[in-house]
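Fold and geometry: a report
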Amino acid sequence: MIVIGSDHGAFELKGCLVKYLESKGQEVYDCGVFDTGSVDYPDIAQKVCEKVKSGDYEFGIVLCGTGIGISIAANKIDGIRCALVNNAYSAEKARQHNNANVIAMGGRVLGPDLAINILDAFMNASFEGGRHQNRIDKIHALEK
Ligand code: RB5
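A brief report on the enclosed structure follows. (Residues numbered from 1 in each chain as written. Predicted model: local features only at pLDDT ≥ 70, side-chain atom pairs only at ≥ 80, totals over all residues. Heavy atoms only, no water.)

Right, let's talk about the state of the cysteines for a bit. Enumeration over the complete set of coordinates arrives at zero disulfides. As a non-bridged cysteine, Cys64 has Cys82 as the owner of its nearest cysteine sulfur, 9.5 Å distant. Among the cysteines around Cys82, which has no disulfide bond, Cys49 carries the closest sulfur, lying 6.5 Å off. (Disulfide = S-S within 2.5 Å.)

So this is what it looks like as structure tokens:
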């Protein structure tokens, strides 16, 4: 199961991604927003990341206008490794090297086709472990 959330700046993109994931047989939990009314992206980041931390979800997707604000907020939450991705290569590496458990994208930056392409690259990749685990351990040591 995958968890997703967006602010008003990516409401449309969220709808496209939910539809795409469901068409692929993925179960998606949608944390909102459910209309284009203005909200604060840290609230959405918190909702999605708490779900990711529960361990019940494969990964999370957070979206805002640029992806920047919501990725910054997500990365303030212990245990979250959120990657802001704008291309398929970065998305693949975010999983292979950084074991990102949340990806962020910008609804005002990416069209739906590119966002789907990026999402596919992330989902088709796997964490490579080894030296990368050591680096991730050091990232989380910074939270202390
Ligand atoms: C909201 O207008 C906008 O600031 C937000 O979606 C995001 O782009 C922030 O980083």
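Anyway, onward from the coordinates.
Okay, helix 6 (residues 131-141) next. Among all positions in helix 6, only His132, Ile136 and His140 are buried. Each buried residue of helix 6 sits inside an arc of 80° when the element is viewed along its axis, so together they form one side. Residues of helix 6 that are exposed and angled more than 90 degrees away from the buried face: Arg131 and Lys138. In this structure, the buried side of helix 6 is in contact with helix 4 (88-96). (Buried < 20%, exposed > 50% of the residue type's maximum accessible area, 1.4 Å probe, protein only. Helix = DSSP H or I, 4+ residues; strand = E, 2+ residues; numbered from the N terminus. Arc of directions from axis to C-beta. Contact = heavy atoms within 4.5 Å.)

What follows is about the site of the ligand. Close to the ligand lie Asp7, His8, Tyr41, Cys64, Gly65, Thr66, Gly69 and Arg108, which account for all nearby residues. Backbone polar atom of Gly65 to an oxygen atom of the ligand: 2.7 Å apart, as the coordinates give it. Within the backbone of Thr66, one N or O atom sits 3.0 Å away from an oxygen atom of the ligand. Summarising the interface, the protein chains cover 71% of the accessible area of the ligand, which totals 290 Å² for the free molecule. Looking at the shell around the ligand residue by residue, the class counts come to two nonpolar, four polar and two charged. (Near = heavy atom within 4 Å. Polar contact = N/O pair within 3.5 Å; in protein donor to acceptor, adjacent residues only side chain to side chain. Areas by Shrake-Rupley, 256 points an atom, 1.4 Å probe, with all protein chains shown as cover. Nonpolar A, V, L, I, M, F, W, Y, C, P; charged D, E, K, R; others polar.)

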